[in-house]
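Listed below, chain by chain, are the residues.
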Amino acid sequence: MDGPLLVIDRDDARPLGQQLVEGLRRGILDGRLRPGDPVPSTRALSSELGVARSSVVAAYDQLAGEGYLELRQGAPTRVAPLVAPDPAVDADPAVAAGPVAADADRRFAGAEATIRERRARVTDVTSTASTPGMLELRPGLPSTARLDERAWRAAWRHASRMSVPGDIPPDFGSPRLRREIADHLRHARGLACSPDDVVVTAGTSDAVALLASALRVLVDGTPRVAVEHPGYPSARRVIGRRGAFRTVPVPVDADGIDVAALRSIRPAPHAVMVTPHHQYPLGGRLPVAARLELLDWAAASGVVVIEDDYDSEFRHVGAPLPALASLDRGGRTVLVGSFSKVLTPWLRLGYLVLPGDTPLREAVASVRDDETCPVPGIAQEAMAELLAGGAVRRHIAAARRDYAHRRRMVLDGLSRIAGASLTGLDGGLHAVLRLPSHEVAARVVARLAVDGVAVSPLADYSAVPGEGPAGLVLGYGSPTDTQLAEALARVRAAVEVELAASVA
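Keep in mind that this is a model prediction, so the values were computed, not measured.

What counts and what doesn't
- Positions within a chain are numbered from 1, following the residues in the order the chain's sequence is written.
- pLDDT decides what is reported in this predicted model: residues at 70 or higher carry local features, side-chain atom pairs at 80 or more are listed and counted, and totals for whole chains, interfaces and linings draw on all residues regardless.
- Values reported for side chains reflect all heavy atoms of the structure, with hydrogen atoms and water molecules removed beforehand.
- At least two DSSP bridges between two strands are needed for those strands to be called paired.
- Comment: elements are numbered from the N terminus, with helices defined as DSSP H or I runs of at least four residues and strands as E runs of at least two.
- Contacts are assigned to residue pairs that have any heavy atoms within 4.5 Å of one another.
- Note on geometry: axes are C-alpha line fits, over the in-contact stretch for helices, and angles between N-to-C directions span 0 to 180 degrees.
- Residue types Ala, Val, Leu, Ile, Met, Phe, Trp, Tyr and Cys, when buried and joined through side-chain atoms within 4.5 Å, form a set referred to as a nonpolar core.
- Any residue under 20% of the maximum accessible area for its type is buried, any over 50% is exposed, and the rest in between are partly exposed; the area is computed with a 1.4 Å probe on protein chains only.
- A clockwise path from the first strand over the helix to the second, with the strands pointing away from the viewer, defines a right-handed crossover.
- In this scheme Phe, Tyr and Trp rings, the latter by its six-membered ring, pair at centre separations within 6.5 Å, and the angle between planes marks the pair as stacked below 30 degrees, edge-to-face above 60, and tilted otherwise.

Colleague: Sorry, what's going on with the sheet that holds strand E15 (residues 456-457) here?
Modeller: Hydrogen bonds along the backbone pair up the strands of a sheet, which may run parallel or antiparallel. Overall, antiparallel pairing links the four strands, which are arranged E12-E13-E16-E15 in an open sheet. Either end of the sheet is taken by a strand with one partner, and the two such strands are strand E12 (421-423) and E15. Bridge count between strand E13 (residues 430-434) and strand E16 (residues 471-475): five bridges; the pairing is antiparallel. Within the sheet, the bridge partner assigned to leucine 433 lies in E16 and is leucine 472. Together, E12, E13 and E16 form the strand contacts of helix H17 (residues 391-414), whose direction differs from that of E12 by roughly 170 degrees.

Colleague: So what exactly am I meant to see when it comes to the nonpolar core here?
Modeller: Within soluble globular proteins, side chains that are nonpolar tend to cluster in buried spots. One finds Met383, Leu435, Leu472, Val491 and Val495 to be the most contacted residues of the largest nonpolar core, which totals 65 residues. Among all residues touching methionine 383, those that are not within four sequence positions of it are Leu177, Phe339, Leu343, Leu347, Leu349 and Val392.

Colleague: Honestly, the pairing of strand E9 (residues 304-308) in this entry has me stumped. Any pointers?
Modeller: Look at any regular strand and the pattern is simple: side chains alternate between the two faces of the sheet. E9 sits mainly inside the fold: five of its five residues count as buried. The alternating pattern of E9 places Val304, Ile306 and Asp308 and Val305 and Glu307 on opposite faces, both of which are buried. Two elements, strand E8 (residues 271-274) and E9, share four bridges in a ladder whose sense is parallel. Of the residues in E9, the one forming a bridge with alanine 271 is valine 304. In this fold, the crossover linking E8 to E9 by way of helix H13 (residues 288-301) has right-handed handedness. Two strands pair when backbone bridges link them, and E9 and strand E10 (residues 333-338) are joined in this way by four bridges, in the parallel orientation. The residue of E10 that forms the bridge with aspartate 308 is valine 336.

Colleague: When you look at the environment of proline 81 in this model, what are you seeing that I'm missing?
Modeller: Counting through the fold element by element, proline 81 comes out in the loop between strand E2 (78-79) and helix H4 (87-91). When the C-alpha atoms of proline 81 and glycine 36 are compared, they prove to be 7.1 Å apart, with 45 residues separating the residues in sequence.

Colleague: Explain the side chain of threonine 333 here, please?
Modeller: Within the secondary structure, threonine 333 is located in strand E10. If we skip the residues at most four places from it in the chain, threonine 333 touches Leu295, Val305, Glu307, Leu324, Ala325, Asp328, Val353 and Pro355.

Colleague: Got a minute to help me understand the packing of aromatic side chains in this structure?
Modeller: Working definition: an aromatic ring pair is given by the centre-to-centre distance plus the angle between the planes. Using the criterion set out here, one finds six aromatic pairs in the structure. Geometrically, the ring pair formed by tyrosine 232 and tyrosine 280 is edge-to-face, given 5.5 Å between the ring centres and 85 degrees between the ring planes. You can see tyrosine 232 sitting in the loop between strand E5 (224-229) and helix H11 (233-240) and its partner tyrosine 280 sitting in the loop between E8 and H13, a full 48 residues away along the chain. Owing to a relative accessible area of 23%, tyrosine 232 belongs among the partly exposed residues under this scheme. Taken together, the aromatic side chains of Tyr232, Tyr280, Tyr310 and Tyr461 make up a single cluster linked through ring pairs.

Printed below as a string of structure tokens:
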């Protein structure tokens, strides 16, 4: 493949790996390598070009993360289906030559400019968009591009080969999966827990619903739950559907939940739900001192702390801080985790880690005795196999590199917009673009919907309707690089237009 498609210049100051990536990317974008075409094996290409095989492996990994290549164990590496033609754009060349194109070409000179020249729009191939052809930037969707499909299929085959059990499944979940989750948390979060502490759930919503039902068992009257404002709207809705609850909004500052405001609530709530690792949606990280203060208050006040360990796997700036559950000596903290944003939302599998609080454990057991574990046994065994074989650990490591790269794209694409500020990027899979008013944000969301980009208004996360900061919440986990570049160009253009109109 050396020659017209890929030339390695030994006198070029650029590293060999960079030349490989840029040469292959250029060959894909200008059509010399077409979707579905196989590329040489890493061994063959390294031999042909006289470079280290590790350089070719790294180049293929980067291009796979960017969405240009499809890596499949046991099968040839092939060019991914990057774009799908939009007949409306092809029919009207003026559509492609507007101000958005000019801005995009300036900011994304590589993939973005080439896509613009080809006058094509991107079809999302890594996640399910609500409308065909929409660029999906709503948060909560991970990339499945790095998932080891061989390990995935092997895990399900293993689970399907098991003898069909005839007994009643355990209320708290498969013993093997609970052991694997406990082991995973010891290594990934430094949390010393036993399998007996783990309860398998059908994702975060099921975990919150289970805890809400347990609170109703424990509390005489109406349970009061403190929630972050702004915060996770689905969790608030799940709590509300479990009967008479009173949610108490607590403001969030740059670091996360305002512990002083939480302590001032009278009477103290029965529980508080927090996202200390990466506050959802604003992105703050609760300092250790504030974590300890919260735990001391919870122990003194008899409050259950529901710790949603949201996005803890993907930290981009600074070392991860310990989970509240690992700091808690009062036995008041329940850790909630999920594999939906780590692997795929289709899995619908998560967990609780219960503290030593005996009444709470008994209440959870009482609820599960009536409602039973909703996760099919075959899915639990497959997940246990993925954890035991190291596939989850390897996937997290690879995905973390991809997300860090896409985070840099978001910084490059949306920084330095006069009248807007970009925040929430220290961890996780989303960013927040703060805007001067909810009216401006609503107009941007509407304009982007017409332009084919789905985003979430920050107002949707408010625990007090009509109050709270204004802006957009933008997920960058699922799009490929080409899709993300296109979407960011459209977002920037829409924001700049609406900001200019608001001061005109």
